[in-house]
Amino acid sequence: MLVSWNTTNACNLYCKHCYRDSGAVAEHELSTEEGKALIDQIALAGFKIMIFSGGEPLLRPDIVELVMHARTRGLRPVFGTNGTLITPELASKLKQAGVMGMGISLDSVVPEKHDEFRSTPGAWQGAVDGMRNCREAGLPFQVHTTVMDWNYDEVEALTDLTVCEGGVAHHVFFLVPTGRAVDIQSRSLRPHQYEALLRRILKKQREVDIELKPTCAPQFMRIASQMGMNLRFARGCLAGTGYCIISPKGDVQPCAYLNIPLGNVREIPFSKIWVENEVLQELRTLKYKGGCGSCEYKQVCGGCRARAYFYYGDYMAEEPWCLFHGREGL
């Protein structure tokens, strides 16, 4: 099981797809002591992997202290970051503190395209420099790419770039319209592109030694089975079953893109929310509607619950981007 904590809403970039609408520090973000108490609760609930994300988590001045606390509680700390703040000195500090891996965002092999998407000149070079600083410090890193119509043809090239720079994995995120991404939903892939790209990614997996993983595209588990591939992953969509997220203010929701508040850790212990919340309990039944409910792959796929919620207002509805149950387009 893994959990993501958006440690701060502050960010040094202004990315067009940000689900958290990050930029400035939010009022009443969890303090250092509240963060440590949350980490204690996360460990108590049985989680193993702790993702420090944001905003930009490296803007948080106590981030190394929080990482060290997570390690003392038996968690595996990893990061989701834009990479631009990873200096050689910080990479070494994070490595010494016990960070197990850095997820660094890179959306194009063309610097200008990445910079435009992230609304910051120099963001591409900053991310690549961050990767190189991690590599020199012996800190494993992976590349995170959000795919849309404009970088649809670049995914394999980004995998090659990841290999060249010494990354251990390339995770490809499929856009879910939430936060600022609502404004660019027209740039998201359509079902035939979605299906074709998943097959391309899995074909590429046969050609490289690093791990490739589609994210927010749980149909990859069905497609891998159809292609005769055995992957290490047990399930596609983990929202509420093996994953959840906590906001900078302590609000819990089933995943980053399924904006349904389940409770606040200042009022209810996280471990109690995780075990007892009714929304999470319903997600765990796997009693989906429509095509997802009757699908032979529902145990390993699950459809994207956030995408179902955005398009149908029902997180148990069928996945709107899946072709397997006959949908031709949106």
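This is a predicted model, so every value here is computed, not measured.

What counts, and where the lines are drawn
- Residues numbered from 1 in each chain as written.
- Predicted model: local features only at pLDDT ≥ 70, side-chain atom pairs only at ≥ 80, totals over all residues.
- Heavy atoms only, no water.
- Phe/Tyr/Trp six-rings, centres within 6.5 Å; stacked < 30°, edge-to-face > 60°.
- Helix = DSSP H or I, 4+ residues; strand = E, 2+ residues; numbered from the N terminus.
- Buried < 20%, exposed > 50% of the residue type's maximum accessible area, 1.4 Å probe, protein only.
- Lys NZ or Arg CZ within 6 Å of the ring centre and 35° of its normal.
- pLDDT = per-residue confidence, 0-100.
- Contact = heavy atoms within 4.5 Å.
- Pairing = 2+ DSSP bridges.
- Right-handed = clockwise from strand over helix to strand, strands pointing away.
- Salt bridge = Lys/Arg side-chain N within 4 Å of Asp/Glu carboxyl O.

### Re the packing of aromatic side chains
Scanning the model with the defined rule gives 12 aromatic pairs in all. Measuring from centroid to centroid gives 4.8 Å for Phe47 and Trp274, while their planes differ by 65°, and the two rings are edge-to-face. Of the two residues, Phe47 sits in the loop between helix 1 (32–44) and strand 2 (49–53) while Trp274 sits in helix 9 (residues 270–276), which places them 227 residues apart along the sequence. Ring geometry for Phe174 versus Tyr194: centroids 5.1 Å apart, planes at 80°, classification edge-to-face. Separated by 20 residues along the polypeptide, Phe174 in strand 6 (residues 169–174) and Tyr194 in helix 7 (residues 191–205) bring together distant segments of the chain. Relative accessible area serves as the criterion here: at 2%, Phe174 is assigned to the buried category. An aromatic cluster of three or more residues is present, and its members are Trp5, Phe52 and Phe79. Above the plane of the ring of Tyr14 lies Arg180, whose end atom (NZ or CZ) is 3.6 Å from the centre.

### Points about the confidence of the model for the chain
For the chain, the mean per-residue pLDDT works out to 94, and 98% of the residues sit at or above 70. Counted against residues more than four places away or in other chains, residues 326–330, with its pLDDT under 50, gives 12 contacts.

### Brief notes about the pairing of strand 2
Burial analysis of strand 2 places 4 of its 5 residues in the buried class, which makes it a mostly covered element. Here strand 1 (residues 2–6) runs beside strand 2; their pairing, made up of 5 bridges, is parallel. Note on strand 2: the bridge partner recorded for Asn6 is Ser53. Between the parallel elements strand 1 and strand 2, the chain passes through helix 1 in a crossover that is right-handed. Pairing geometry for strand 2 and strand 3 (residues 76–81), over 4 bridges, is parallel. Looking at the pairing, Phe52 lines up with Phe79 of strand 3. On the question of chirality, the crossover connecting strand 2 to the parallel strand 3 by way of helix 2 (residues 63–72) is right-handed.

### Some words on the pattern of salt bridges
Counting across every chain of the model gives 22 salt bridges. Taking the shortest distance from any N to any O, the salt bridge between Arg60 and Asp62 comes out at 2.7 Å. Accessibility expressed as a relative area gives 9% for Arg60, which makes it buried. What makes Asp62 buried here is its relative accessible area of 10%. Here Arg232 ties to Glu211 by a salt bridge, and the two come within 2.6 Å at their closest N and O atoms. Remark: Glu211 occurs in strand 7 (residues 211–215) and Arg232 occurs in the loop between helix 8 (220–226) and strand 8 (243–246); sequence separation between them is 21 residues. Members of the salt-bridge network, linked through shared partners, are Arg132, Arg135, Glu136 and Glu165.

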